[in-house]
Amino acid sequence: MLKKSSIFIVFAVLALASCNKKPAASAEKEITLVMAEVNPAETIAGQMDQAFKQKVEELSEGKIKIDLQCSAILGDLDTLMNMVKNGGSSVHLLRLSPQSFASFGCQKTLMLSTPFTFSNKEHFWNFANSETGKQLLDEPLEEGLGIKGLFYGEEGFRHFFSTKKIETVEDFEGLNVRGTNDSAMQGMLKGLKANSIPVNYADLYGALQTGIIDAAEQPIANYLANHFYTVAPHMIFDGHTLGIMETVITEECWNSLTEGQQAILIEAGAYASEFCRNLSQTEEDKVKAQLLAEGATLVDVTDIKPWQNACAEVIKEGSSVDADLYQKILSYAH
């Protein structure tokens, strides 16, 4: 027969063990997180978002619901960025590109948009899954900008497309090209001797249609999904930068979650990241076939050196932010 003191010790140990157990998803309160996406649901970005949403809801047993709003329903990218920066935002999750971090002041993250940094997709994913990749995901939080990086994705290399046929670097001279407000894009267009014209992404189709701009750049999946080929049917595969994506969450929202909920978002992010990697690999050939069927003109670049030479100044400038870190990023090509 157990003594009273022994019985007490047994119950104390059991109680301590139960406190250390990770709470079951069913024990969590139900919450809804609003996620904004400027691209349509059928794009690689949109499909990655949906994979994340489904995995979060599956892992949480429906306790965490993701209210995913695609096609810029909640506003253009500039509007959404201002919302998530200022606190008290009704948007909790947002998918950004490295170029978008220009207004956040994340100079190290901006190095990822330096032209011709990634030689191929494998190079990027080696980086994304490394400690260096995690380090850059944490940069906006460390800079006190009120957002936390969750996971990476990519939507293929970015290429220029135009209302006029373009086949060489020289064809860009004097073209009015949509230029995003970041040093990499501005430097690249300067090197190509093109005119940089600011246009919101939501207005891009109309700007091409009305002749406000002659050209812009996107991954080919976005080029197809947004029907840009109907107003700018010429694309050249220069692959100047990879269409890297980062999904972020507001710090305010992140801090309001339990450790169990945070763990679910991290695990779902890893799943969505791998989903995106596989999707991007299989999507490009299919998209190219569809674009050719729609009458788009697709031009391959056989010699990238003239492009690199034209962009030499902006490559030097972009990599000088942290030369050692940039060399480390380049090293993941091996």
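Rules of the game
Residues numbered from 1 in each chain as written. Predicted model: local features only at pLDDT ≥ 70, side-chain atom pairs only at ≥ 80, totals over all residues. Heavy atoms only, no water. Buried < 20%, exposed > 50% of the residue type's maximum accessible area, 1.4 Å probe, protein only. Helix = DSSP H or I, 4+ residues; strand = E, 2+ residues; numbered from the N terminus. Arc of directions from axis to C-beta. Contact = heavy atoms within 4.5 Å. Axes fitted to C-alpha atoms, helices over the stretch in contact; angles between N-to-C directions. Left-handed = near helix turned anticlockwise from the far one by under 90°. Nonpolar A, V, L, I, M, F, W, Y, C, P; charged D, E, K, R; others polar. Pairing = 2+ DSSP bridges. Core = buried A, V, L, I, M, F, W, Y, C linked by side-chain atoms within 4.5 Å. Polar contact = N/O pair within 3.5 Å; in protein donor to acceptor, adjacent residues only side chain to side chain. Phe/Tyr/Trp six-rings, centres within 6.5 Å; stacked < 30°, edge-to-face > 60°. Lys NZ or Arg CZ within 6 Å of the ring centre and 35° of its normal. pLDDT = per-residue confidence, 0-100. Salt bridge = Lys/Arg side-chain N within 4 Å of Asp/Glu carboxyl O.

**Let's talk about helix H3 (residues 77-85)**
Within an α-helix, residues lying three or four positions from one another point in the same direction, as the helix has 3.6 residues per turn.
Here's step 1: Those residues of H3 that sit buried are Leu80, Met81 and Val84. One face of H3 carries all of its buried residues, which in axial projection span an arc of 100°.
Here's step 2: On the buried face of H3, the contacting elements are strand E1 (31-36), strand E3 (93-96), strand E4 (147-162) and strand E8 (234-250).
Here's step 3: Remark: Gly87 follows H3 within two positions and exhibits a positive phi of approximately 80°.

**Thoughts on the packing of helix H2 (residues 44-59) against helix H12 (residues 259-293)**
Here's step 1: Contact pair H2 / H12: the axes reach a minimum separation of 8 Å and the direction vectors enclose 145°. Helix-helix and strand crossings are classified by hand; for H2 and H12 the assignment is right-handed. Where H2 approaches H12, its residues Ile44, Gln47, Met48, Ala51, Phe52, Lys55, Val56 and Leu59 are matched on the opposing element by Ile264, Leu265, Glu267, Ala268, Gly269, Tyr271, Ala272, Phe275, Cys276, Leu279, Ser280 and Glu283.
Here's step 2: A breakdown of the residues in the contact of H2 with H12 according to their chemical character gives 14 nonpolar, 3 polar and 3 charged.

**Topic: the pairing of E8**
Here's step 1: In terms of residue burial, E8 counts as a mostly covered element, since 17 of its 17 residues are buried.
Here's step 2: Across 4 bridges, the pairing between E3 and E8 is antiparallel. Looking across to E8, one finds that Leu94 is bridged to Val248.
Here's step 3: As judged from the 12 bridges shared by E4 and E8, these two strands associate in the antiparallel manner. If you follow Ile147 over to E8, its bridge partner there is Thr250.
Here's step 4: One ladder, built from 4 bridges, connects E8 with strand E9 (residues 297-300); its direction is parallel. Within E9, the position partnered with Met235 by the bridge is Leu298.

**Concerning the nonpolar core**
Soluble, globular proteins show a tendency: their nonpolar side chains are buried together.
Here's step 1: Counting 62 residues, the largest nonpolar core has Phe52, Phe104 and Leu291 as its most contacted members.
Here's step 2: Sort the elements by how many residues they give to this core and H12 lands first, with 8 residues.
Here's step 3: The residues contacting Phe52, other than those within four sequence positions of it, are Met35, Ile66, Leu93, Leu150, Phe151, Leu265, Ala268, Gly269 and Ala272.

**Digging into unusual backbone geometry**
Here's step 1: One non-glycine residue with positive phi stands out, namely Ala72, at about 60°.
Here's step 2: Within the fold, Ala72 resides in the loop between strand E2 (64-69) and H3.
Here's step 3: Given a relative accessible area of 24%, Ala72 falls into the partly exposed group.
Here's step 4: Despite not being glycine, Phe116 has its phi angle at roughly 60°, a positive value.
Here's step 5: Assignment of secondary structure puts Phe116 in the loop between helix H4 (107-110) and helix H5 (121-128).

**Comments concerning H5**
Here's step 1: When you tally the buried positions in H5, you get 6 out of 8 residues, the bulk of the element.
Here's step 2: What H5 keeps buried is the set Lys121, His123, Phe124, Trp125, Phe127 and Ala128.
Here's step 3: Buried residues along H5 sit against helix H6 (131-137), E4, E8, H12 and helix H15 (323-331).
Here's step 4: Backbone nitrogen of Glu122 and a side-chain oxygen of the N-cap are separated by 3.3 Å at the start of H5; the cap is Asn120.

**Structural notes on the packing of aromatic side chains**
The geometry of two aromatic rings is summed up by the distance between their centres and the angle between their planes.
Here's step 1: Counting across every chain of the model gives 14 aromatic pairs.
Here's step 2: Ring pairing ties together the aromatic residues Phe118, Phe124, Trp125, Phe127, Tyr152 and Tyr332, which thus form one cluster.
Here's step 3: Against the face of Tyr271 rests Lys55, its NZ or CZ located 4.4 Å from the ring centre.
Here's step 4: The side chain of Lys148 reaches across the aromatic face of Trp254, ending 5.1 Å from its centre.

**Topic: the environment of Ser196**
Here's step 1: By the element assignment, Ser196 lies in strand E6 (residues 195-197).
Here's step 2: C-alpha separation for the pair Ser196 and Asn181, spaced 15 residues apart in sequence, amounts to 9.5 Å.
Here's step 3: A polar side-chain atom of Ser196 sits 2.9 Å from a polar atom in the side chain of Gln186.

**Some thoughts on the confidence of the model for the protein**
Here's step 1: In this model, the protein carries an average pLDDT of 90, and 92% of its residues clear a pLDDT of 70 or more.
Here's step 2: Here residues 1-23 scores under 50 on pLDDT; set against residues more than four positions off or in separate chains, the count is 4 contacts.

**Looking at the pattern of salt bridges**
Here's step 1: Per the counting criterion, the structure on display carries 10 salt bridges.
Here's step 2: One salt bridge in this structure joins Lys53 and Glu57, with 3.0 Å as the shortest N-O distance. You can see Lys53 and its partner Glu57 sitting in helix H2, 4 residues apart, about one turn around the helix.
Here's step 3: Residue class for Lys53 comes out partly exposed when judged on its relative accessible area of 25%.
Here's step 4: For Glu57, a relative accessible area of 23% gives the class partly exposed.
Here's step 5: Here Lys134 ties to Glu131 by a salt bridge, and the two come within 3.4 Å at their closest N and O atoms. Remark: Glu131 and Lys134 occur in helix H6; sequence separation between them is 3 residues, near one turn of the helix.
Here's step 6: Owing to a relative accessible area of 58%, Glu131 belongs among the exposed residues under this scheme.

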